[in-house]
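This is what each chain is made of:
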There are 2 protein chains.
Amino acid sequence: MRAQYHEELDYLGELLVEMTHLAGSALNRATTALLDADLTLAESVIASDELLNMRSRELGDRAVELLARQQPVASDLRTIIAALTMNDHLERMGDLAAHVAKTARLRYPESAAYPEVRELILRMGQVAQRIVEKVGTTIATRDVHAAAEVRHDDDEMDQLHRRLFAVMLDPGWPHGVEAAIDVTLLSRFFERYADHAVSVAQQVIFVVTGEMVVNPGGRH
Amino acid sequence: MRAQYHEELDYLGELLVEMTHLAGSALNRATTALLDADLTLAESVIASDELLNMRSRELGDRAVELLARQQPVASDLRTIIAALTMNDHLERMGDLAAHVAKTARLRYPESAAYPEVRELILRMGQVAQRIVEKVGTTIATRDVHAAAEVRHDDDEMDQLHRRLFAVMLDPGWPHGVEAAIDVTLLSRFFERYADHAVSVAQQVIFVVTGEMVVNPGGRH
């Protein structure tokens, strides 16, 4: 019985890692769809969010079933509660990737990644990718150092977010208000995606060390 | 022992209701701070978010302690897990109210509620207030009908959100890109606040009926 229980606990971890892959792939493809004004790719990102949602429901059901059946205490209880919290963040990351794809779809056949912000959006996508990959590794390996690194990557994301705003506020910004609204929301989606990934990493640190990381600046 | 246990479960509900009051008051005051360019009020909203965060931590600790000590199953287990989910949403609502207050502070002594959008922002604040009050009542009374109503209020919020965009996209919008960025983000904060409140209401429905409400259109 105990062996099966630990297999089931491990399976929660595997589901979470799979969810990081799905959320990572979704934002990666959404960013490409945005940069290339690729409608088919955008549609595929929007459709594939349902797979992440299914995994999320499976994880929620299994976690609650484990709580009911095994009555865990101490660190196992903490692990399962943390898995539920990570689950919510990862599900939301999928939503945000779908939002990026929806913006690409909305502006098709134009690209909402206007030339002046193209490079910055590309880099936001790359930083997000790096973060979500580290988070996946962190869940799989329980490597607290990698989890802590994610915060620095998130600082880079915040800098890119601020630089995007600076570009739009430049008197030379030629695309007017509608484009600024698009880019503001896009930038917010990337930034929030990274924030959720940081929250997942913090849960790993909590599970491994028992210490809750309190975000000094508060969340955005 | 059982009586004490049920008292402790009830206390989780009381904490959640208190958190709806705190989150409601925060957004109410933040909206006033924004409309009146009231720096002192904005600062007080930002500072008081820590009280909501404290309640959130208290609720999280007590819920996990209850799980460990009482080993609940079935509906009690479902109630405690739902309380943890509601807790996350309410904590985030406090963050979003603080974001509105920070925007007010950023633009002081000007008001970020530009004359053309003032009425719409006022109404977003009122709709949010109505929603969060219903959610508080819903948690206290387990009234599933009130919980379901919240979805209609949220539709109203989405309409206001779209109308704000229409105002900014009007060729007569005189405030340029910086103001549009402010208003886009503000509008997003109100809209997300309402979404989180809807998620809290859905958890109440889930606890009372055992049926998970699946959001047909997905979250924003």
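Rules behind the numbers
Residues numbered from 1 in each chain as written. Chains lettered and ligands numbered in written order. Predicted model: local features only at pLDDT ≥ 70, side-chain atom pairs only at ≥ 80, totals over all residues. Heavy atoms only, no water. Helix = DSSP H or I, 4+ residues; strand = E, 2+ residues; numbered from the N terminus. Buried < 20%, exposed > 50% of the residue type's maximum accessible area, 1.4 Å probe, protein only. Contact = heavy atoms within 4.5 Å. Salt bridge = Lys/Arg side-chain N within 4 Å of Asp/Glu carboxyl O. Core = buried A, V, L, I, M, F, W, Y, C linked by side-chain atoms within 4.5 Å. pLDDT = per-residue confidence, 0-100. Least-squares fit on C-alpha atoms with pLDDT ≥ 70 in both. Axes fitted to C-alpha atoms, helices over the stretch in contact; angles between N-to-C directions. Parallel < 35°, antiparallel > 145°, perpendicular 65-115°, else oblique. Left-handed = near helix turned anticlockwise from the far one by under 90°. Expected span 1.5 Å × (residues − 1). Buried area = accessible area lost by both parts, 1.4 Å probe. Polar contact = N/O pair within 3.5 Å; in protein donor to acceptor, adjacent residues only side chain to side chain. Nonpolar A, V, L, I, M, F, W, Y, C, P; charged D, E, K, R; others polar. Phe/Tyr/Trp six-rings, centres within 6.5 Å; stacked < 30°, edge-to-face > 60°.

A.B. asks: Got a minute to help me understand the overall build of chain A in this structure?
C.D. replies: In terms of helices and strands, chain A carries six helices and zero strands. Along chain A, helices (α) and strands (β) appear in the sequence α-α-α-α-α-α when read from the amino end. On the principal axes, the C-alpha backbone points of chain A span a range of 65 × 35 × 20 Å. With 220 residues in all, chain A has 56% of them scored as buried. Partitioning the contacts of chain A with sequence separation of at least 6, the portion at a separation of at least 24 is 82%.

A.B. asks: Would you take a moment to explain the pattern of salt bridges for this structure?
C.D. replies: A side chain of one charge can pair with a side chain of the opposite charge when the charged atoms of the two come close. Residues and elements named next belong to chain A. Under the definition given, this model contains 34 salt bridges over all chains. Salt-bridge contacts for Arg55 lead to Glu18; the nearest nitrogen and oxygen are separated by 2.9 Å. Pair noted here: Arg55 is in helix H2 (residues 39-70) and Glu18 is in helix H1 (residues 2-36), with a separation of 37 residues, a long-range link. A relative accessible area of 19% means that Arg55 is categorised as buried. Here the residues in one salt-bridge network are Arg130, Lys134, Glu149, Asp153 and Glu156, joined through shared partners.

A.B. asks: How should the nonpolar core be read in this particular structure?
C.D. replies: If you look at soluble globular proteins, the nonpolar side chains tend to sit buried side by side. A:Ile121, A:Trp173, B:Ile121 and B:Trp173 are the most contacted members of the largest nonpolar core, which totals 152 residues. When neighbours within four sequence positions are excluded, A:Trp173 is seen to be in contact with A:Tyr114, A:Glu116, A:Val117, A:Val167, A:Met168, A:Ala179, A:Ala180, A:Val183 and B:Val177.

A.B. asks: What exactly am I supposed to notice about the confidence of the model for chain A here?
C.D. replies: Any region with low pLDDT has predicted coordinates that should not be read closely. Residues at a pLDDT of 70 or more form 95% of chain A, whose mean pLDDT is 94. Here the complex is predicted with pTM 0.95, and the ipTM for its interfaces comes to 0.93.

A.B. asks: Explanation requested: the relation of the copies chain A and chain B in the structure shown.
C.D. replies: Copy one and copy two of the chain differ by a rotation about an axis and a translation along that axis. Of the transformation superimposing chain A on chain B, the axial component is 0.0 Å and the angular component is 180°, with the fit at an RMSD of 0.0 Å. The relationship between the two copies is best expressed as a two-fold rotation axis.

A.B. asks: Just checking my understanding: could you explain the environment of A:Leu77 for this structure?
C.D. replies: Assignment of secondary structure puts A:Leu77 in helix H3 (residues 74-107). Spatially, the C-alpha atoms of A:Leu77 and A:Leu66 are 9.6 Å apart, while their sequence positions differ by 11 residues. Residues contacting A:Leu77, with those up to four places away along its chain left out, are A:Leu67, A:Pro72, B:Val64, B:Leu67 and B:Ala68.

A.B. asks: Teacher, can you tell me more about the packing of helix H4 (residues 115-141) of chain B against helix H5 (residues 144-169) of chain B here?
C.D. replies: Two packed helices can be described by the angle between their axes and the distance between those axes. Residues and elements named next belong to chain B. Where H4 contacts H5, the two axes come as close as 9 Å, and the packing angle between them is 165°. Classified by the angle between their axes, H4 and H5 sit roughly antiparallel to one another. At the point where H4 passes H5, the crossing takes the left-handed sense.

A.B. asks: In this structure, what is going on with the side chain of A:Thr79? I would like to understand it.
C.D. replies: Residue and element names in this part refer to chain A. Within the fold, Thr79 resides in helix H3. Residue Thr79 is classed as buried on the basis of its relative accessible area of 19%. Among residues more than four places away in sequence, those in contact with Thr79 are Leu9, Arg142 and Val207.

A.B. asks: Honestly, the environment of A:Met86 in this entry has me stumped. Any pointers?
C.D. replies: Relative to the helices and strands, A:Met86 resides in helix H3. Residues A:Met86 and A:Gln203, spaced 117 residues apart in sequence, show a C-alpha to C-alpha distance of 6.9 Å.

A.B. asks: So what exactly am I meant to see when it comes to H3(A) here?
C.D. replies: Residues lying three or four places apart along an α-helix face the same way, a consequence of the helix completing one turn every 3.6 residues. Relative to the 50 Å expected for 34 residues at 1.5 Å per residue, H3(A) spans 51 Å between its end C-alpha atoms, a close match to the ideal helical length. Extensive coverage of H3(A) is indicated by the burial of 26 of its 34 residues.

A.B. asks: How do you make sense of the interface of chain A and chain B when you look at a structure like this?
C.D. replies: How big an interface is tends to be expressed through the accessible area that disappears when the partners come together. Taken together, the contact between chain A and chain B spans 31 residues of the former and 31 residues of the latter. Across the interface of chain A and chain B, roughly 2700 Å² is buried in total on both sides, 67% from carbon and sulfur atoms. Our count for the chain A to chain B interface comes out at zero salt bridges. Our count for the chain A to chain B interface comes out at one residue pair in polar contact (both at pLDDT 80 or more). Broken down by secondary-structure element, the contributors of at least two residues to the side of chain A that touches chain B are H2, H3, helix H5 (144-169) and helix H6 (176-209) of chain A. Its residues assigned to classes, the side of chain A that touches chain B comprises 17 nonpolar, six polar and eight charged.

A.B. asks: What is the right way to look at helix H4 (residues 115-141) of chain A in this model?
C.D. replies: Between its first and last C-alpha, H4(A) extends 40 Å over 27 residues, near the 39 Å set by a 1.5 Å rise per residue. In the stretch just after H4(A), A:Arg142 is the one whose phi turns positive, near 55°.

A.B. asks: Help me understand the packing of aromatic side chains, please; the structure alone is not making it clear to me.
C.D. replies: Here a ring pair, both rings aromatic, is described through the centre-centre distance and the interplanar angle of the planes. All names here are of chain A. For the structure shown, the criterion picks out two aromatic pairs over all chains. Both rings, one in Tyr114 and one in Trp173, keep their centres 6.2 Å apart while their planes meet at 75°; by these two values the pair is edge-to-face. Residue Tyr114 is located in the loop between H3 and H4, and its partner Trp173 is located in the loop between H5 and H6; the two are separated by 59 residues in the primary sequence. Take Tyr114: its relative accessible area is 15%, and that puts it in the buried class.

A.B. asks: Before we go on, may I ask you to explain unusual backbone geometry in this structure?
C.D. replies: It is generally the case that most residues other than glycine have a negative phi and that most peptide bonds are trans. The omega torsion of the bond from A:Tyr108 to A:Pro109 falls at 5°, within 30 degrees of zero and hence cis. Take A:Pro109: it is sitting in the loop between H3 and H4. Non-glycine residue A:Ala37 carries a positive phi angle of around 45°. Along the chain, A:Ala37 turns up in the loop between H1 and H2. Under the relative-accessibility criterion, A:Ala37 is labelled buried at 16%. In this model, B:Arg142 sits at a positive phi of 55°, which is unusual for a non-glycine residue. Turning to its location among the elements, B:Arg142 is positioned in the loop between H4 and H5. Of the residues examined, B:Arg142 reaches a relative accessible area of 44% and is grouped as partly exposed.

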